[in-house]
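The lines below spell out each chain.
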Amino acid sequence: MRATQRRARAATRLPVVGAVALIVACAPDGERPAAGEDPSTEVPDSLAFGHPDSVLLWTPEEQLAGFPNYHRIFDTRSIPASAEPSALPSRPLDVAGLSYTVDGRTHDLEDFLTHNHVTGLIVVQDGTIRLERYDEPNGPSTRWVSYSVAKSVVSLLMGAALRDGYIASVDDPVTRYLPLLEGSAYDRVRIRDLLRMSSGVEWDEDYTDPESDVSREIDFDAIERLRFLGGKPRVAEPGTRFNYSTGEIYLVGAVVRAAVGNNLSAYLRQKVWEPFGMEGDANWMLVEPYGPEYAGCCISATLRDYARLGLFALADGVLDDGRRVLPDGWMEESTTPSPTNPGYGYLWWLEGDGSFTARGIFGQMIHVDPSLDLVIATHGAWPEPTGEAFTEHRDAFVQAVKSVLGSSGE
């Protein structure tokens, strides 16, 4: 997969996004390794036991070492694999005809993997793996950090909390579950507004500015984050303006935690990881030792379990035995275009053709197309958090896969 070319890229700054306030007590469950544990996955001394702001200075080589090793660098909470992993049989796709065009040039699979610094790619259709590739030394057991893909997972957990009756309605006011925000700009903001990132509360998501909200919050503990958000001014009426805000997801996660009375990792294990048959252990980065998870970021999981998350969404949260985890029609509601942004739903990006995507910086993705019973997932190490060229190649490649799998005989 032309790894040498990939490792020759320029250094970049790596933003870490996502946090959630501590509402209920958390049991300690860090994953720091013992001395000498698993030498094959050791990370450089420059990364070991770091602080979240240190990732802004990671070199490309450190990124490749750090992305699969968050549990060895930061405090995390583990999410154990299912006792009965679900099967993902394989029926390899003939990739000879898989090509796409960008700027008048035709590219093949290897071009895509190289250009977009893809460390893992999986295509699952009808519950069967059609294509799976990894950049050595990564493989099916490699856990890779999700970044904002975690936001879409939190949307699933919100649905589960509604199904379980912990939350009455997405039209409930946020302050019903987070009374610390009473009297702030979050008065009159509904859970639905948070899910659509349209609270109307000011938030600056500029990763390059050390004084932006997303940069300043990195040193806040759980309660400080709530107070920081509660001190922000209102700049629009709730539900009238889209503003991409990791701060909103702090609060979505905090609402779920407060309502459920447990941490997000435990609830994810109970509602999805165990019953849907995830085959690998996962972990979720914590805001502080023994504290809550970063709701908008940093679940580390294998690529196949990324794909299973897509399959769970594709099934509208119905398990193989017919039990329902999500409310009936939750994914349809979650992927209905928001009035403030037709390309966004409840923490899912919408493609305009019925398909929807969980996206994370540096090339993390879970793409779901119900019309083709299709999930495409990637682990990535883009040389910059976002980029027009990477996005263009990714979108064109996804369409090429759909074209091949949607053709007769496939």
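No experiment lies behind these values; they were computed from the predicted model shown.

Quick notes on the pairing of strand 10 (residues 356-360)
For strand 10, the buried fraction is high: four of the five residues fall into the buried class. The antiparallel hairpin formed by strand 9 (residues 349-350) and strand 10 contains five residues in its connecting segment, where G352 sits at a positive phi of about 90 degrees. Relative to strand 11 (residues 364-369), strand 10 runs antiparallel, the two sharing five bridges. Paired with T357 across the strands is H367, a residue of strand 11. What sits between strand 10 and strand 11 in their antiparallel hairpin is a turn of three residues, with F362 showing a positive phi close to 65 degrees.

A closer look at empty space enclosed by the protein
For the structure on display, the rule yields three cavities of 30 Å³ or more. In this model, the largest cavity occupies a volume close to 50 Å³. Taken together, F112, N116, V118, G363, M365, T378, H379, G380, W382 and R394 make up the full set of residues lining the largest cavity. For the lining of the largest cavity, the element with the highest residue contribution is strand 12 (residues 374-380), accounting for three residues. Tallied by class, residues from the lining of the largest cavity come to four nonpolar, five polar and one charged. By volume, the second largest cavity amounts to about 40 Å³. Lining the second largest cavity are S146, V149, V153, L268, W273, I299, A301, Y306 and L309. At the level of elements, helix 4 (149-163), helix 9 (264-273), strand 8 (299-301) and helix 10 (303-314) are the ones that each hand at least two residues to the lining of the second largest cavity. A class-by-class count of the residues in the lining of the second largest cavity yields eight nonpolar, one polar and no charged.

Here we look at the sheet that holds strand 6 (residues 144-145)
Spatially, the four strands line up as an open sheet ordered 1-7-8-6, and their pairing is antiparallel. Whereas interior strands pair on both sides, the edge strands pair on one side only; in this sheet they are strand 1 (76-79) and strand 6. Here four bridges tie strand 1 to strand 7 (residues 282-285), and the two strands are oriented antiparallel to one another. The residue of strand 7 that forms the bridge with T76 is M285. Here helix 9 sits on the sheet and contacts strand 1, strand 7 and strand 8; the angle it forms with strand 1, its principal contact strand, is near 15 degrees.

Reading guide: rules and limits
Residues numbered from 1 in each chain as written. Predicted model: local features only at pLDDT ≥ 70, side-chain atom pairs only at ≥ 80, totals over all residues. Heavy atoms only, no water. Buried < 20%, exposed > 50% of the residue type's maximum accessible area, 1.4 Å probe, protein only. Helix = DSSP H or I, 4+ residues; strand = E, 2+ residues; numbered from the N terminus. Pairing = 2+ DSSP bridges. 1 Å grid on protein atoms, 1.4 Å probe; cavity = no way out; pocket = protein on both sides within 12 Å on 5 of 7 lines; lining within 4 Å. Points joined across faces, edges and corners; volume = space filled by probe spheres on them. Nonpolar A, V, L, I, M, F, W, Y, C, P; charged D, E, K, R; others polar. Contact = heavy atoms within 4.5 Å. Axes fitted to C-alpha atoms, helices over the stretch in contact; angles between N-to-C directions.

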